[in-house]
Amino acid sequence: MTTRSDRIFAGGVGALAALVPLTLFGITVLLLIEAWPSVTRYGLSFLVTSEWDPVKLVFGAGAYIFGTLVTTTIAILLAAPIAIGAAVFLVEYAPRAVRGPLGFLIEVLAYIPSIVYGLWGFFVVVPLMRTAVEPALQGTVGQLPVVGALFSGKIVGLDLLTGGVILAIMILPIILAVSREVVSAVPNAQREGMLALGATRWEMVSRAILPYARAGVVGAAVLGVARAFGETMAVTLVVGNASTAITPSLFTPGYTLASAIANQFTEADSELYFSAIVEIALVLLLVAIVVNAAARLLIRRSGAAREGMVL
Amino acid sequence: MSTAVTAPHFALPERHRVIRRRRAASLIMAGLLGGATVFAASLLVIIAGFVIVRGLPALDLAFFTDRPKPFGVEGGGVAPAILGTLEMGALAAIVAVPVGLGAAIFASEYRSGRWAAAVRFSAELIAGLPSVAIGVFVWAFMVRSIVGNYSGLAGALALAIIMIPIVARTVEEVLRLVPGGLREAGLALGAPRWRVILFIVLPTARAGIVTAVVLAIARAAGETAPLMLTALGNTFFSFDPLRPMAALPLQIYQYAVSPYDDWHEKAWGSSLILVTVIALLAAGLRLATRSRVR
């Protein structure tokens, strides 16, 4: 039974709801339009060259893309093992009394604003990297023949490596929260079957639980990558923002896509400069859409009820 | 089939050794996983510790009531930033709450069909957008065209876009927890569907809806990058939504990148205020959701 008032109400709710896809559509279209002058003028060279000179109106975001890839890779390599390990521990090992409080402490990490991570990174992590971690790295692995190149050069502390470390800390709670949901969703029969065969607890985890939860755990990590990719303030404060040279050294004070926007938007005095900055945002947007869609498909396939809905 | 299955006949000591090795491996891994958990949890303790220890000395009454002073002048506070965050948060909520609620009701109560899935999926994608990209969108949309300068209104729009998917997704989850029997009872009594939704479903889910809104505000309050591109910041008291507006995260950034120790201390102090507010909201939420929703 549908009355007229019902139709009006449904129409109103539908109109409000329609604003959500419209917003996404509007953001994408407007960024495309505003970036168009830069897209047509520089074409593919915007993505693969790294000369960024507002005076000569030459814009290539290659170094920013490189910096983003490097920091994101460092972040995921550091964060994923710790986050997934902690998720497994919280679900499979921790006694009930510890599970709640520990889980809460880690969840709160996700609430800390990125500017506070940035402040902490800038005043605490950067000096630590400059005086202790990076000289130690340079003195040990830095002496090896090939990998040594990663740790060569002048040590300033404000560099891609520090940016990656801060990002790792920031994406840790997201990966952990989602992995925890995924591991919780593994049916008990998997555990019982393995234990009934005489497996130790680690054998159960490594041969029954993790293979079963693989798609979801990978999805969690991909979600972490998506977050790291667009993170701005914390990285901007620690990554250096000084050099657009693409070198193998992680000690390069580089840029990321997001930090380049944050650093330069006030300087966009010409239409082309403005358009080039919008194109950086467009790249971030498109990659975020693709990566998020992929992550959510993976997580959904793993049967987790909800993928840490607010994250 | 016909041959008997032969058990691997290890000598007894050999078998014990294998078992011992497997147990040891299991214990070592348990230790490593536990270590990872403790490490992750201790990060929070470390960061919170720094914010509290370095932030507390900056706090006095003037810090909450005064405006930032130029360098060299004693004292000064972050009152405009606190008020700016409140004003932009409120403006953003005015937009985000109805839209988010509408999307949640649509996705949960009219869930038949492709449109509900489209709304849900686009909410997920917006939630996954880098906030700086949303900032660039509002910068291009309002700052560079409609309004023509940096403004609190533009900041509020950016925050609203960040809040909408959080409200929509969280409220939808809560509405799904409302038992179907309640809806059917209302419909059986002859109430039209809109009355059932407005007067039965929403009131039942009230606690969860409040939770969702608070959560969204807590998340938006800490956003910095989109505000940099839209509200810009201001060191004076200004409530005009068409002018640049101060906000706590912006104030923290400006203090942090300054070369003065005094301002660094103020950055920690502002962070302490911001983190305390967000932590209180989060803790309140946890209590509320524990008793009602689950």
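Note: the structure precedes this text.
A. Layout of the overall build of chain A. Counting secondary structure elements, chain A contains 12 helices and 2 strands. Counted from the first residue to the last, chain A has its helices and strands arranged as α-α-β-β-α-α-α-α-α-α-α-α-α-α. Reported as C-alpha extents along the three principal axes, the dimensions of chain A are approximately 75 × 70 × 30 Å. Expressed as a percentage of its 311 residues, the buried residues of chain A come to 51%.

B. Broad picture of the interface of chain B and chain A. Counting from both sides, the interface comprises 77 residues of chain B and, opposite them, 72 residues of chain A. Residues that form the side of chain B that touches chain A fall into these classes: 58 nonpolar, 12 polar and 7 charged.

C. Fine view of the nonpolar core. Formed by 205 residues in total, the largest nonpolar core has its most connected members in Ile175 and Ala281 of chain A together with Met163 and Val167 of chain B. The element contributing the most residues to this core is helix H3 (residues 62–93) of chain A, with 19 residues. Excluding anything up to four places from it in sequence, Met163 of chain B contacts Ala92, Ala93, Ala96, Gly100, Ala216 and Ala220 of chain B.

D. Inspection of the environment of Ala225 of chain B at higher detail. In this fold, Ala225 of chain B is placed in helix H10 (residues 225–228). Distance from Ala225 of chain B to Ala117 of chain B, taken between C-alpha atoms, is 30 Å for residues 108 residues apart in sequence. Once residues within four sequence positions are removed from consideration, Ala225 of chain B is found in contact with Thr232, Met233 and Ala262 of chain A together with Ser131, Val132 and Gly135 of chain B.

E. Region of the structure containing the packing of helix H7 (residues 188–196) of chain A against helix H8 (residues 201–212) of chain A. Residues and elements named next belong to chain A. H8 packs onto H7 with a crossing angle of 150 degrees between their chain directions and a minimal axis gap of 9 Å. The orientation of H7 with respect to H8, classified from their angle, is roughly antiparallel. Note that H7 runs across H8; the crossing there is right-handed. Taking contact as the criterion, the partners of Gln190, Arg191, Gly193, Met194 and Leu195 in H7 are, on H8, Glu203, Met204, Arg207, Ala208, Ile209 and Tyr212. When grouped by side-chain class, the residues that make up the contact of H7 with H8 number 6 nonpolar, 2 polar and 3 charged.

Thresholds applied
Residues numbered from 1 in each chain as written. Chains lettered and ligands numbered in written order. Predicted model: local features only at pLDDT ≥ 70, side-chain atom pairs only at ≥ 80, totals over all residues. Helix = DSSP H or I, 4+ residues; strand = E, 2+ residues; numbered from the N terminus. Buried ≥ 20, exposed ≤ 12 C-beta atoms within 10 Å, placed from the backbone. Contact = placed C-beta atoms within 7 Å. Nonpolar A, V, L, I, M, F, W, Y, C, P; charged D, E, K, R; others polar. Core = buried A, V, L, I, M, F, W, Y, C linked by C-beta atoms within 7 Å. Axes fitted to C-alpha atoms, helices over the stretch in contact; angles between N-to-C directions. Parallel < 35°, antiparallel > 145°, perpendicular 65-115°, else oblique. Left-handed = near helix turned anticlockwise from the far one by under 90°.

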